[in-house]
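Below are the chains, spelled out letter by letter.
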Amino acid sequence: MVDKRYYEKLDGFSYVLSELRKKIGTQQTDVLVTDAVNLCNGLCEKYKSLPKKERIHTEQMIFPRAAFYLQMIKYISCEEAISLIEESVRIGVEPDRKRLHAVTKIPFIRPLFFQIFPRMIHIMFNEEAGFKTKEFESDNKHYRVNILQCPYMKYCELLGCKELAATFCLSDDRVYGDMSGIIFKRQSTIGRGSDECVLQIEIYGGVIMYMAIGLCLGVAFGTALDNLPLGIAIGVAVGAGIDSSRSSKRKKDKEDEEDEYKSKFVGIGIQENIQKIT
């Protein structure tokens, strides 16, 4: 169950409320929030017999966002609404993204991540939670799992807003896509129109490897110049620069992929909504 404060106190939703007040006015925005709260609580009541773990996803994530979105598209276009929701996701998960990025800078944390992440999948994303998964690879450097059934897509479809499902995929992309020394890959997701989510994470050499290479080259360079401290400084700086460049490229590739999915599947959602209306 939620109330108005749920939407007002969360950074992501508070951003959307601010933008809506500019677009449709304060009074209409207040009506929208009230209707979203009522719809969300009605859905929670309707599906209260779901397993406890599945209700964690529906009551805390799916229904609040879906109810809000379904009220938004009464006042603005689907495309505008999705764009605002996506930005709210980026804002909302930013603290988690920063924390995970900082923590995974510590080299010994990375193997621990590969012990914790699979356990989280087994506990929070199992059949009791409405998911079906198939694990392919799991060790201290690699993890791959395919998600064959997703409640986020299921309930978005049931509520007539399957274009919203991709915004939940975006949450994971933002949080896990900027880890230090760990690559998070999703070749496809159910929320973006595929038959399954293909999720893969792996440790890459990262800043430690490139700085080590740079250090070795710096020692050789410094020895040749008879200035070892300068050579080491230059080598480490080059190594860190290479890692930064590679990280920027990975980030840019992810953003391009998000834009491609957005243009494709938001368009599908808009067409389906138009067909329902006509």
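Residues numbered from 1 in each chain as written. Predicted model: local features only at pLDDT ≥ 70, side-chain atom pairs only at ≥ 80, totals over all residues. Heavy atoms only, no water.

1. Comments concerning the overall build of the chain
Summing up its helical and strand segments, the chain has 10 helices and four strands in all. Ordered by position in the sequence, the α and β elements of the chain form the string α-α-α-α-α-α-β-β-α-α-β-β-α-α. Within the span of the chain, comprising 278 residues, buried residues form 42% of the whole. The long-range fraction of contacts in the chain, counting pairs at least 24 apart against all pairs at least 6 apart in sequence, stands at 64%. Surface exposure of the chain reaches about 14,600 Å², of which carbon and sulfur atoms provide 56%. (Helix = DSSP H or I, 4+ residues; strand = E, 2+ residues; numbered from the N terminus. Buried < 20%, exposed > 50% of the residue type's maximum accessible area, 1.4 Å probe, protein only. Contact = heavy atoms within 4.5 Å. Areas by Shrake-Rupley, 256 points an atom, 1.4 Å probe, with all protein chains shown as cover.)

2. Things to note about the nonpolar core
Core analysis: the largest hydrophobic core is formed by 62 residues, its most contacted members being Tyr7, Phe68, Tyr69, Met72, Phe113, Leu164 and Ile201. In this structure, Met72 is in contact with Val16, Leu20, Leu32, Ala81, Leu84 and Ile85, ignoring residues within four places of it in sequence. (Core = buried A, V, L, I, M, F, W, Y, C linked by side-chain atoms within 4.5 Å.)

3. A closer look at the sheet that holds strand 3 (residues 182-188)
Taken together, four strands build an open sheet; the order of strands is 1-2-4-3 and the sheet is antiparallel. Because the sheet does not close on itself, it has two edges, and the strands there are strand 1 (132-138) and strand 3. On average, each strand axis in the sheet is tilted by 15 degrees relative to the strand beside it, whichever way the strands run. (Pairing = 2+ DSSP bridges. Axes fitted to C-alpha atoms, helices over the stretch in contact; angles between N-to-C directions.)

4. Examining the confidence of the model for the chain
When pLDDT is averaged across the chain, the result is 83; 73% of the residues are at 70 or more. When mean pLDDT is taken per element in the chain, helix 3 (residues 26-46) scores highest with 97 and helix 9 (residues 206-225) scores lowest with 53. (pLDDT = per-residue confidence, 0-100.)

5. Section: the environment of Thr167
By the element assignment, Thr167 lies in helix 8 (residues 165-176). In this structure Thr167 comes out as buried when scored by relative accessible area, which is 1%. Linking Thr167 and Arg192, residues 25 residues apart in sequence, is a C-alpha distance of 9.1 Å. Each residue touching Thr167, except ones within four places of it in the same chain, is listed here: Arg65, Ile82, Ile85, Glu86 and Val89. Here the side chain of Thr167 touches Arg65 through a polar contact of 3.0 Å, side chain to side chain. Polar contacts involving the side chain of Thr167 include one to the main-chain carbonyl oxygen of Leu164, which spans 2.7 Å. (Polar contact = N/O pair within 3.5 Å; in protein donor to acceptor, adjacent residues only side chain to side chain.)

6. A look at the packing of helix 4 (residues 52-72) against helix 8
The relative placement of two packed helices comes down to the angle between their axes together with the axis-to-axis distance. It is the contact of helix 4 with helix 8, at a shortest axis distance of 10 Å, that shows an interaxial angle of 130 degrees. It follows that helix 4 is oblique to helix 8 by the angle criterion. Note on packing geometry: the crossing formed by helix 4 with helix 8 is right-handed. Only Thr167, Phe168 and Ser171 of helix 8 make contact with helix 4, whose side of the interface consists of Met61, Ile62 and Arg65. Per-class residue counts for the contact of helix 4 with helix 8 are three nonpolar, two polar and one charged. (Parallel < 35°, antiparallel > 145°, perpendicular 65-115°, else oblique. Left-handed = near helix turned anticlockwise from the far one by under 90°. Nonpolar A, V, L, I, M, F, W, Y, C, P; charged D, E, K, R; others polar.)

7. Concerning the pairing of strand 4 (residues 197-203)
Within a regular strand, the side chains alternate between the two sheet faces. The buried fraction of strand 4 is high, at six of seven residues. With six bridges joining them, strand 2 (residues 142-149) and strand 4 adopt antiparallel strand pairing. Each residue of the ladder has a partner; that of His142, found in strand 4, is Glu202. Sheet topology places strand 3 next to strand 4; six bridges connect them, and they run antiparallel. Of the residues in strand 4, the one forming a bridge with Ile182 is Ile203.

8. Quick look at a nonpolar patch on the surface
Together, Ile106, Phe108, Leu112 and Ile116 give the surface a local cluster of nonpolar side chains, amounting to about 390 Å² of exposed area. Looking at the element boundaries, Phe108 is found in the loop between helix 5 (78-103) and helix 6 (109-124). We classify Phe108 as exposed; its relative accessible area is 58%. (Patch = residues over 30% accessible without salt bridge, like charges linked within 9 Å, V, L, I, M, F, W, Y side chains within 5 Å. Salt bridge = Lys/Arg side-chain N within 4 Å of Asp/Glu carboxyl O.)

9. Quick notes on the environment of Met179
Relative to the helices and strands, Met179 resides in the loop between helix 8 and strand 3. Remark: the alpha-carbon pair of Met179 and Thr104, spanning 75 residues in sequence, is separated by 6.1 Å. Every residue in contact with Met179, bar those within four places of it in the chain, is listed here: Leu100, His101, Thr104, Phe113 and Phe184.

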